[in-house]
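The primary structure of each chain is shown beneath.
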2 protein chains.
Amino acid sequence: MDLQHLRPSREQDAPIYLQLYRRYREAIAAGKLRPGDRVASVRSLASELSLARGTVEMAYQMLVSEGYFVARGAAGTVVSPRLESLVEHNHARKSVAAAHASPHPQNISDVALPFQLGLPALDAFPRKTWARLAGRNLRMLEPETMTSADPAGYEALRRAIATYLGISRGIACTHEQVFITVGYRGALELVRRTLLQAGDLGWYEDPGYIFARQFLERAGMRLEPVPVDEEGLNVSIGQQRAAHARFAVVTPTHQSPMGVALSLPRRLELLDWAARSQAWIIEDDYDSEFRYHGRPLPALKSLDRDGRVLYTGTFSKVLFPGLRLAYLVVPTSQVGKFSDMANHLPGPGSILPQAMVAGFMEQGHFARHLRKMRILYAARRGYLVDALTQMMRESLHIQPQAGGIHVLANLNTNTRQSDKILAAAAQANCLAVQALSHWRLRKSTQGGLLMGFANFATADGATASVSRLKAVLAKL
Amino acid sequence: MDLQHLRPSREQDAPIYLQLYRRYREAIAAGKLRPGDRVASVRSLASELSLARGTVEMAYQMLVSEGYFVARGAAGTVVSPRLESLVEHNHARKSVAAAHASPHPQNISDVALPFQLGLPALDAFPRKTWARLAGRNLRMLEPETMTSADPAGYEALRRAIATYLGISRGIACTHEQVFITVGYRGALELVRRTLLQAGDLGWYEDPGYIFARQFLERAGMRLEPVPVDEEGLNVSIGQQRAAHARFAVVTPTHQSPMGVALSLPRRLELLDWAARSQAWIIEDDYDSEFRYHGRPLPALKSLDRDGRVLYTGTFSKVLFPGLRLAYLVVPTSQVGKFSDMANHLPGPGSILPQAMVAGFMEQGHFARHLRKMRILYAARRGYLVDALTQMMRESLHIQPQAGGIHVLANLNTNTRQSDKILAAAAQANCLAVQALSHWRLRKSTQGGLLMGFANFATADGATASVSRLKAVLAKL
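This structure is a prediction, so every number in the text was calculated from the model and none was measured.

**Student:** How should I be thinking about the pattern of salt bridges in this particular structure?
**Tutor:** A side chain of one charge can pair with a side chain of the opposite charge if their charged atoms are brought near each other. If you walk through the whole model with that rule in mind, you get 22 salt bridges over all chains. Of the charged contacts, one joins arginine 266 of chain A and aspartate 229 of chain A as a salt bridge, the two residues approaching to 2.8 Å between their closest N and O atoms. Placement of the pair is arginine 266 of chain A in helix 13 (residues 264-277) and aspartate 229 of chain A in strand 5 (residues 222-229), with a sequence separation of 37 residues. Its relative accessible area of 9% is what places arginine 266 of chain A among the buried residues. A salt bridge links arginine 218 of chain B to aspartate 340 of chain A, with the shortest nitrogen-to-oxygen separation between them at 2.4 Å. With one member in each of two chains, arginine 218 of chain B in helix 11 (residues 210-218) and aspartate 340 of chain A in helix 14 (residues 335-342) form a pair that bridges those chains.

Below, the structure written as structure tokens:
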């Protein structure tokens, strides 16, 4: 390759080293430089192009650190041979280039696999509104949002959440009770550090949300599995097995993953147990916003007269998971303790995304987005359910669920393989189906498959994915 | 007040409840409604304006939750009497309104007090470039950045940091060794959870950074104060007092708050101790980017042959603290352990700010900003030092420091009061001077004042603040 092709332009805005770095990347992408090719030494390129050696070194260092170049000591520097297969298959852009340096937006199919759980509809997010809001926030970039963040979260967002919870979830709270956290884990961590101690025993729904279970166990909590039936968590069994537990983690609105609601008698029984034994209830209200028939259930927290419920919600399902924003509402009596602990933890992260969500809520976009998504998800759920009913009625039995963004289909008794084997086969074929057994703490004979539907944009899309799933399972 | 003034417009884009809420706020700001005034009941306003009661209720709920209204049960709802003094003093905008609902950007003086520590120059941040970058990021909003974030951080940012550290701090590392965290505390938390146990003993610089000390103590660490002299941390004393400590937290480039650099013999002694006793060194390189004379010192990490140094840096001083983004570089041998633990912690927060900083670095804006800030801070440091020398030579003796964004002035022996008393008096007068003694673990007779200079935009500004300080201290 002629080194003159690499010559940077003094006219351009970008610094010389960056231009050099880009020229090299372009040369590789265009096939002018092939994997394994030796590139000019720093010294000779600097001399050829009359550049400072430091400038060339910087460009090379970037190319090495990003995997384009490999330094081979005395043997010189070469274009990484590992790029071979990628360049061959013309996938160089996606796999090699840093994602946001890519000139084209990626396809959703590159990111979300069919049936993927816990992911909202990525195609239906109001990008323009979001970008407009953000633009305003950023142009302002007020000194207030540049200085240190409140460890309890950005106040305007805490206020917006308190208002929203009052209206939508029947929770009467002030913004002082609301703490913004990095995801649901951040909320669990704040609860754990403020109220729990290593070795404390807690009730955990069985089956129940895997990641929170692992998070709590890793942090030294002991978890007692408490079975879930058609009325939700079986509180009597919890009391039999571990009456003196210090806490219980529950998903009362829409049990994760079974989808049932905790019945009113059970709710009262649970609250009564917590009040008597001074235990804490952690209410995970992760996707209550989506409900397609029947009246929306108020949160368990709305019945909490004794201040035992720690309520958590998240923006991962209603906006998008990459936000990593969740929130915790604590009883009034605990605000002081939680504020104090929040001052000694890393906190909720940058103000910017918090300010954006606050604006989104205050200006009514949030409520509008939720309304739209409820209609959209009802339709998309229909696509999946129809496809499953038409094609896989023999092997699967769909559980009725009033809400959420996934479907649970139990295996019919004639199915020979376990749900784990079925899910593993599906996953090996890039279908992100999950096995119900995988979410259980104790063994059970009842297997099932969990399937997300939020990204099935059309009935045809759902049909195509279900027929792929059917074909994969038929081979077993 | 005529209720018709509140009538929302059907033409407007904003939802009715939001228009109503805004009308009320405007009416209060304009003095049409005064603190203590009773407002129309939900029922009568809804009927007067032919609106749904739910709509009016929602607006009222927002006004109550934001402190504009107070609900008094049967006595009705009134404009909060607590607004009285604020409205009187015409400060209503700043103190009452949620910050980003405010129509005017705030002044820096509203946020940063004179002498405030740890705050970069808020007026010199390249807002336009930042907003442009963000705009691009947001319009794209690629599915990849919408889905779940990598708990170790956004890859492009990890790569950009690895490149930067190689060039600027002499640290050879790959992006796999870099973990993005929510602030320095997030980095400490990741280290603590991965490598340390409750009750572990560590060396801590005396005087040393208060907030990290409190953070570690709160997390159950025991800290042994190790004195700092003109060569930095006294490693021999550390070994005498606590040879078997499990870790040491140090600020080798620019000791916080004394400003001295850890000498090369001490660096080697410290690394040797860590290697022999299998202890961990946490290097806090919080403001190494700013150095105004002499050669920049490479990081301690650059000498780490035995993989004992955990290196941390932050964007709080070089960009702005509200970002809450820091990073940790771990030895190659520890990458697996740290990745595993990162999977079980809340993580670094939203991808958005990470992607913005990555773009800022990759496109060379970061390096350019640092170059500009070095020149700016050298000038601003000069303003403060000149003012102190001219006006307070009698009572203060300025320590020479090669870098950083604060000045340490020791009290001369003729000063009667302790530095704590002086600082308290200054703070009572809104001058954010801090007492050196406050940063100490053990008592010392040598008092001093710590003063930030980054936001003294002019010599006159520094002179005015120093003369205010002098007047306050003269009264003691």
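**Student:** Where do I start with the domain arrangement of chain A in this structure?
**Tutor:** For an interface, size is often stated in terms of accessible area lost upon the parts coming together. Residues and elements named next belong to chain A. For chain A, the assigned domains read domain 1 (3-88), domain 2 (128-363) and domain 3 (367-474). In this structure, domain 2 and domain 3 have C-alpha centres spaced 27 Å apart. Each partner contributes to the interface: domain 2 provides 28 residues, whereas domain 3 provides 24 residues. On the domain 2 side of the contact with domain 3, Pro257, Phe290 and Tyr292 bury the most area, a combined 27% of that side's loss. Inspection of the region where domain 2 meets domain 3 yields 1 salt bridge. Among the salt bridges present, the one from glutamate 224 reaches arginine 442, with a minimum N-O distance of 3.4 Å. Our enumeration of links across domain 2 and domain 3 arrives at 9 residue pairs in polar contact (both at pLDDT 80 or more). Elements represented by at least two residues in the side of domain 2 that touches domain 3 include exactly strand 4 (201-206), helix 11 (210-218) and strand 5. For the side of domain 2 that touches domain 3, the element with the highest residue contribution is strand 4, accounting for 3 residues.

**Student:** Can you help me understand the packing of helix 16 (residues 365-392) of chain A against helix 18 (residues 459-474) of chain A in this one?
**Tutor:** Two numbers describe a pair of packed helices, the interaxial angle and the distance between the axes. All names here are of chain A. The contact between helix 16 and helix 18 brings their axes to 9 Å, and the two run at 40°. If you check the angle between helix 16 and helix 18, you find them oblique. Note on packing geometry: the crossing formed by helix 16 with helix 18 is right-handed. Touching Tyr383, Leu384, Ala387, Leu388, Met391 and Met392 of helix 16 are Ala459, Ala462, Thr463, Val466, Ser467, Leu469, Lys470 and Leu473, all from helix 18. Of the residues that constitute the contact of helix 16 with helix 18, the class distribution is 11 nonpolar, 2 polar and 1 charged.

**Student:** Explanation requested: helix 13 (residues 264-277) of chain B in the structure shown.
**Tutor:** Each full turn of the α-helix corresponds to 3.6 residues, which orients residues three or four apart in the same direction. Spanning 14 residues, helix 13 of chain B covers 20 Å between terminal C-alpha atoms, matching the ideal 20 Å at 1.5 Å per step. Glutamine 278 of chain B sits one or two residues past helix 13 of chain B and shows a positive phi near 55°.

**Student:** Just checking my understanding: could you explain the packing of aromatic side chains for this structure?
**Tutor:** The relative placement of two aromatic rings is captured by the distance of their centres and the angle of their planes. Within this structure, the stated rule accounts for 38 aromatic pairs over all chains. Ring geometry for tyrosine 209 of chain A against phenylalanine 211 of chain A: centres 5.8 Å apart, planes inclined by 70°, an arrangement best described as edge-to-face. Using a relative accessible area of 44% as the deciding quantity, one classes phenylalanine 211 of chain A as partly exposed. On the basis of an interplanar angle of 90° and a centroid distance of 5.1 Å, the ring pair of phenylalanine 125 of chain B and phenylalanine 320 of chain B is categorised as edge-to-face. Here phenylalanine 320 of chain B lies in the loop between strand 9 (309-314) and strand 10 (325-329) and phenylalanine 125 of chain B lies in the loop between helix 6 (108-111) and helix 7 (127-140), a separation of 195 residues in the sequence. Considered together, phenylalanine 125 of chain B and phenylalanine 320 of chain B belong to a single accessibility category, that of buried residues. The structure contains a cluster of three or more aromatic residues connected by ring pairs, namely Phe125, Trp130, Phe320 and Phe360 of chain A.

**Student:** Just to check I follow, could you spell out the environment of leucine 431 of chain A for this structure?
**Tutor:** Residues and elements named next belong to chain A. Within the secondary structure, leucine 431 is located in the loop between helix 17 (419-428) and strand 13 (434-435). For the pair leucine 431 and proline 400, spaced 31 residues apart in the sequence, the C-alpha separation amounts to 22 Å. Residues within four places of leucine 431 in sequence aside, it is in contact with Pro114, Phe115, Ala426, Ser465, Arg468, Leu469 and Val472.

**Student:** Honestly, the pairing of strand 5 (residues 222-229) of chain B in this entry has me stumped. Any pointers?
**Tutor:** Within a regular strand, the side chains alternate between the two sheet faces. All names here are of chain B. Sheet analysis places strand 4 (residues 201-206) next to strand 5, joined by 6 bridges and oriented parallel. Looking at strand 5, one finds that aspartate 206 is bridged to proline 227. Bridge analysis of strand 5 against strand 6 (residues 232-233) gives 2 bridges, and the strand direction is antiparallel. Within strand 6, the position partnered with aspartate 229 by the bridge is glycine 232. Hairpin connection, strand 5 to strand 6: the antiparallel pair is bridged by 2 residues.

**Student:** Help me out: how do you make sense of the packing of helix 10 (residues 183-195) of chain B against helix 14 (residues 335-342) of chain B in this one?
**Tutor:** Residues and elements named next belong to chain B. Contact geometry for helix 10 and helix 14: axes closest at 10 Å, N-to-C directions at 110°. In terms of orientation, helix 10 and helix 14 fall into the roughly perpendicular class. Along the contact surface, helix 10 presents Leu190, Val191, Arg193, Thr194 and Leu195, while helix 14 presents Lys337, Phe338, Met341 and Ala342. Considered class by class, the residues forming the contact of helix 10 with helix 14 number 6 nonpolar, 1 polar and 2 charged.

**Student:** In this structure, what is going on with the sheet that holds strand 5 of chain B? I would like to understand it.
**Tutor:** Adjacent strands of a sheet pair through backbone hydrogen bonds, lying either parallel or antiparallel. All names here are of chain B. Spatially, 8 strands are ordered 3-10-9-8-7-4-5-6 in an open sheet, and the strand pairing comes out mixed. Two strands bound the open sheet, and with one partner strand each, they are strand 3 (178-182) and strand 6. For strand 9 and strand 10, the ladder comprises 4 bridges, and the chain directions are antiparallel. In the sheet register, glycine 313 faces strand 10, and the bridge partner there is tyrosine 327. Contacts between helix 10 and the sheet are confined to strand 3, strand 7 (247-250), strand 8 (280-284), strand 9 and strand 10, with strand 3 contributing the most and set at about 120° to the helix.

**Student:** Explain the environment of asparagine 455 of chain A here, please?
**Tutor:** Residues and elements named next belong to chain A. Following the sequence through the fold, asparagine 455 ends up in the loop between strand 14 (448-452) and helix 18. Between the C-alpha atoms of asparagine 455 and leucine 117, which are 338 residues apart in sequence, the distance is 9.8 Å. At 2.9 Å, the side chain of asparagine 455 and the backbone nitrogen of leucine 122 are in polar contact.

**Student:** Sorry if this is basic, but what is going on with the pairing of strand 10 (residues 325-329) of chain A here?
**Tutor:** Residues and elements named next belong to chain A. Burial analysis of strand 10 places 5 of its 5 residues in the buried class, which makes it a mostly covered element. Because side chains alternate across strand 10, one face comprises the buried residues Leu325, Tyr327 and Val329, and the other comprises Ala326 and Leu328, equally buried. Inspection of the sheet shows strand 3 (residues 178-182) paired to strand 10 by 5 bridges, in the antiparallel sense. The residue bridging phenylalanine 179 from the neighbouring strand is leucine 328, located in strand 10.

**Student:** Before we go on, may I ask you to explain the confidence of the model for chain A in this structure?
**Tutor:** Fine structural detail should not be taken from predicted coordinates in areas where pLDDT scores are low. Residues and elements named next belong to chain A. When the pLDDT values of chain A are averaged, the result is 85; 88% of them are 70 or greater. This stretch, residues 85-109, has a pLDDT under 50; its non-local contacts, to residues over four places away or in other chains, come to 44 contacts. Interface scoring of the predicted complex returns ipTM 0.74; its pTM is 0.77.

Definitions and cut-offs
- Residues numbered from 1 in each chain as written.
- Chains lettered and ligands numbered in written order.
- Predicted model: local features only at pLDDT ≥ 70, side-chain atom pairs only at ≥ 80, totals over all residues.
- Heavy atoms only, no water.
- Salt bridge = Lys/Arg side-chain N within 4 Å of Asp/Glu carboxyl O.
- Helix = DSSP H or I, 4+ residues; strand = E, 2+ residues; numbered from the N terminus.
- Buried < 20%, exposed > 50% of the residue type's maximum accessible area, 1.4 Å probe, protein only.
- Domains from an automatic or database assignment.
- Contact = heavy atoms within 4.5 Å.
- Buried area = accessible area lost by both parts, 1.4 Å probe.
- Polar contact = N/O pair within 3.5 Å; in protein donor to acceptor, adjacent residues only side chain to side chain.
- Axes fitted to C-alpha atoms, helices over the stretch in contact; angles between N-to-C directions.
- Parallel < 35°, antiparallel > 145°, perpendicular 65-115°, else oblique.
- Left-handed = near helix turned anticlockwise from the far one by under 90°.
- Nonpolar A, V, L, I, M, F, W, Y, C, P; charged D, E, K, R; others polar.
- Expected span 1.5 Å × (residues − 1).
- Phe/Tyr/Trp six-rings, centres within 6.5 Å; stacked < 30°, edge-to-face > 60°.
- Pairing = 2+ DSSP bridges.
- pLDDT = per-residue confidence, 0-100.

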